[in-house]
Amino acid sequence: MEEKKPKVSKINIVKGITATPYRDIFLPTKDRDGYFEGEGEISIPVYFYRIIGIDETHSYEDDLFNLHQGLLELDHLYLKFEDGLESYVPNSFIEQKRDQIDFNSLEEIKAEKNFSKATTIQRLAILCPYKNKMIEDKITEILNLYISQYPQVEVVKNFYIKLLYWIEKYIISQVKNLQYGEESPKVLFYGDIRRDEVFFLIFLSLLGWDILYINPLEEGGFSSIANIEDYANLLEYPKRGIIKEFASIEKNKRKETIAYKASVEISQIIHSEGSGIYKPWQFEDYEVKAIPLKTTFEELFILWKEEARFREGFKVENKRISIPTIFAKVSGVSRDMDQYWNYFNALLEKKENMILLERVPFISIPTPQVDYSLFNRDGSLNLEKVKGLRENQFKYLKSSVQDLIFNTINYMVTTNLFIEPLTEAFKIKILYTILSIHKSYLELLQKFDFPFDVPKIVVFDKDKDRFSKEFTIILCFLHLVGFDIVIYTPTGYNNIENGLNKSYYDLHKLEDLNFNLNYMGKKFQQQENGSLLKKGFLWFFQ
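Keep in mind it's a predicted model, so treat the numbers as computed, not measured.

What counts and how
- Residues numbered from 1 in each chain as written.
- Predicted model: local features only at pLDDT ≥ 70, side-chain atom pairs only at ≥ 80, totals over all residues.
- Heavy atoms only, no water.
- Helix = DSSP H or I, 4+ residues; strand = E, 2+ residues; numbered from the N terminus.
- Buried < 20%, exposed > 50% of the residue type's maximum accessible area, 1.4 Å probe, protein only.
- Polar contact = N/O pair within 3.5 Å; in protein donor to acceptor, adjacent residues only side chain to side chain.
- Contact = heavy atoms within 4.5 Å.
- Pairing = 2+ DSSP bridges.
- Salt bridge = Lys/Arg side-chain N within 4 Å of Asp/Glu carboxyl O.
- 1 Å grid on protein atoms, 1.4 Å probe; cavity = no way out; pocket = protein on both sides within 12 Å on 5 of 7 lines; lining within 4 Å.
- Points joined across faces, edges and corners; volume = space filled by probe spheres on them.
- Phe/Tyr/Trp six-rings, centres within 6.5 Å; stacked < 30°, edge-to-face > 60°.
- Lys NZ or Arg CZ within 6 Å of the ring centre and 35° of its normal.
- Axes fitted to C-alpha atoms, helices over the stretch in contact; angles between N-to-C directions.
- Core = buried A, V, L, I, M, F, W, Y, C linked by side-chain atoms within 4.5 Å.

Participant: Explain the side chain of Ser184 to me, please; I cannot follow it from the model alone.
Facilitator: As for its position among the elements, Ser184 is in the loop between helix H7 (153-177) and strand E6 (186-190). Given the relative accessible area of 6%, Ser184 is considered buried. At 2.9 Å, the side chain of Ser184 and the side chain of Thr29 are in polar contact. Those residues in contact with Ser184 that sit more than four places away from it in its chain are Thr29, Arg32, Gly208 and Asp210.

Participant: Sorry, what's going on with the pairing of strand E16 (residues 506-509) here?
Facilitator: In the case of a regular strand, side chains alternate between the two sheet surfaces. Alternating positions in E16 separate cleanly, Asp506 and His508 being buried on one face and Leu507 and Lys509 remaining unburied on the opposite face. Bridge count for strand E12 (residues 327-331) against E16 is four bridges, and the pairing is parallel. The residue of E16 that forms the bridge with Val330 is His508.

Participant: Is there a simple way to think about the pattern of salt bridges in this case?
Facilitator: Where charged atoms of side chains with opposite charge meet at close range, the side chains can pair. As enumerated under the stated definition, the model contains 26 salt bridges in all. As a salt-bridge pair, Lys157 and Glu154 come within 3.8 Å of each other at their nearest N and O atoms. Separated by three residues within a single helix, Lys157 and Glu154 lie in helix H7, roughly one turn from each other. Note on Lys157: relative accessible area 16%, which makes it buried. The partner of Lys398 in a salt bridge is Glu284, with the nearest N and O atoms 3.3 Å apart. Taken together, the residues span a long stretch of sequence, with Lys398 in the loop between helix H13 (383-387) and helix H14 (399-412) and Glu284 in the loop between helix H10 (258-270) and strand E9 (287-292) at a distance of 114 residues.

Participant: Looking at this structure, I do not really get helix H12 (residues 337-346). What am I missing?
Facilitator: A turn of α-helix holds 3.6 residues, and therefore any two residues three or four places apart point the same way. Listing the buried residues of H12 in full gives Tyr340, Phe344, Asn345 and Ala346. Measuring from the backbone nitrogen of Asp338 back to the side-chain oxygen at the start of H12 gives 3.1 Å, which picks out Asp336 as the cap.

Participant: Help me understand the side chain of Thr415, please; the structure alone is not making it clear to me.
Facilitator: Mapping Thr415 onto the fold places it in the loop between H14 and helix H15 (424-435). Of the polar contacts made by the side chain of Thr415, one reaches the backbone oxygen of Tyr411; its length is 2.8 Å. Discounting residues that sit within four places of it in the chain, Thr415 has contacts with Leu422 and Tyr504.

Participant: Can you help me understand empty space enclosed by the protein in this one?
Facilitator: If you roll a probe as big as a water molecule over the atoms, it shows you where there is empty space left. Scanning all chains against the criterion turns up two cavities of 30 Å³ or more. In this model, the largest cavity occupies a volume close to 50 Å³. Surrounding the largest cavity, Trp281, Glu284, Lys398, Ser400, Val401, Leu404, Leu445, Gln446, Phe448 and Phe450 form its lining. If you list the elements that add at least two residues to the lining of the largest cavity, you get H14 and helix H16 (439-446).

Participant: Looking at this model, I keep getting lost on the packing of aromatic side chains. Mind explaining?
Facilitator: A ring pair, where both rings are aromatic, is described by two values, the distance of the centres and the angle of the planes. Following the criterion strictly, the structure yields 31 aromatic pairs and no others. For the ring pair Phe81 and Tyr170, a centre distance of 5.0 Å and an interplane angle of 85° mean the geometry is edge-to-face. With a gap of 89 residues between them, Phe81 in strand E5 (residues 78-81) and Tyr170 in helix H7 connect regions that are remote in the sequence. By the burial criterion, Phe81 is buried, and Tyr170 matches it. Its end group placed over the ring of Trp281, Lys398 keeps NZ or CZ at 3.7 Å from the ring centre. Looking at Lys456, its charged tip hangs above the ring of Trp304, at a distance of 4.6 Å from the centre.

Participant: Whenever I open this one, the sheet that holds E12 confuses me. Can you help?
Facilitator: Sheet strands line up and pair through hydrogen bonds in the backbone, either parallel or antiparallel. Spatially, E13-E14-E15-E12-E16 is the arrangement adopted by the five strands of the open sheet, whose pairing is parallel. What marks the edges here is a single partner per strand, and that holds for strand E13 (354-357) and E16. Going across the sheet, the axis of each strand differs from the next one's by a mean of 15°, ignoring polarity. With five bridges joining them, E12 and strand E15 (residues 484-489) adopt parallel strand pairing. The residue of E15 that forms the bridge with Ser331 is Thr489.

Participant: Hey, could you run me through the nonpolar core in this one?
Facilitator: In summary, soluble globular proteins display a tendency toward joint burial of nonpolar side chains. Counting residues in hydrophobic clusters, the biggest one holds 66 residues, and the most contacted among them are Ile405 and Ile457. In terms of residue count, the dominant contributor to this core is helix H17 (residues 469-480) (eight residues). Setting aside chain neighbours within four positions, we find Ile457 in contact with Trp304, Ile355, Leu357, Tyr441, Leu475, Leu478, Phe483, Asp484, Ile485 and Val486. Listed in part, the 57 residues of the second largest apolar core include Val89, Tyr146, Tyr170 and Tyr180.

Here is the structure:
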């Protein structure tokens, strides 16, 4: 039977700051200023505080601990976030919601018919009609707010799918049992917070949740949102402190319990290979298999920004991790050079794990005579002997990285990756080229935590000179260890085609060719009078 509850017509955010926010949040809904019930409708005030800084360290930690203990008594009406919201959205969920995010313009997103699809959220049918309608209305409201500040289609799509996922994961069960007018669910969010997580807190506030955001250091993602004071009151103390783990705040308050020990065991289950929730360096000892993605030109720039675990084809099983990678050549230029410029610079956003080669480095590695003792009978390398070579420069790297390097070299000398036949002489060329690889590439590899940010190489090549064998070998190696690689060739000249089998990379041909284009640090310029205008962003030479 459908529950007969008053229709919720309006949810107000309580304005103003008091000196006792930790106490005020426990006020019964009906005792709050602004509460109204009549004519089958109720108006529900909610509290949304962002509390930045600390007053006195001792009382701050005591107050935070006591607040948490009090909120725990609310049972299913309380959510605590310390490490942020779940950032991994399963591919199965994305596929399930694909029709809801299948829009190509902001106009389509704003169309009311698209928002009505929100009622198809899995499990939403368990709610009564007025709760369904309220969630639908608040999804519309938060999306309109998001679009007003971040009007990029792909950015909105990304937020929308996370919003739907977070709704199902965190609040549907709470909404089902919630008695509006009788109680208010609570959220305590402690520590660092990202922009999209702030928008989700605003969404919860619009639905009637009380929100406490607490950070002893800074506002985090709140500072990037315009007019945030319209949604979240600010209580700011002049003193700042470090963000301690919540557990360390509680360490003098309680002893380890059976429940805590059980949580450790649960963590081992949660962080299993197929869970999608991974700890730092969880798979550093796993075998790496690069899976080259076949993409359209536009998809390249979308996937470029994604962590490995969010890409189609990512898989962890049986001590092997499959990393979907981008290996693409962009041949020619667009008729719209501003668009060409924008696409190229979009590749350079994550500078901390990216190397830009503004011109192809000339690499020539002296290759010694073939030492047949380095080979096994099947043509593979005897890795123990290879590791003993004086040219082995990798001994300072993590053992797992060294293993990855040598196993990848062995794969390269036993697999038909290249146009050139795999003679013993060419295998030696491959070996000594990788043994001499520039340390900048090794640094990116050393800090590559496989499920997360993918290291990137961007090459701008306008010259008619062919890629050297050594440079082709290096690009192939970096691809095989999981790097993303894009080669921009405005002239349309052959380069990677001369050395690597075409099945290992994508080729995107644009409308025009340009033989006088130079990269000039965030912009392109034409070559003038045959001389190059030189302004480096980052040049690498061997």
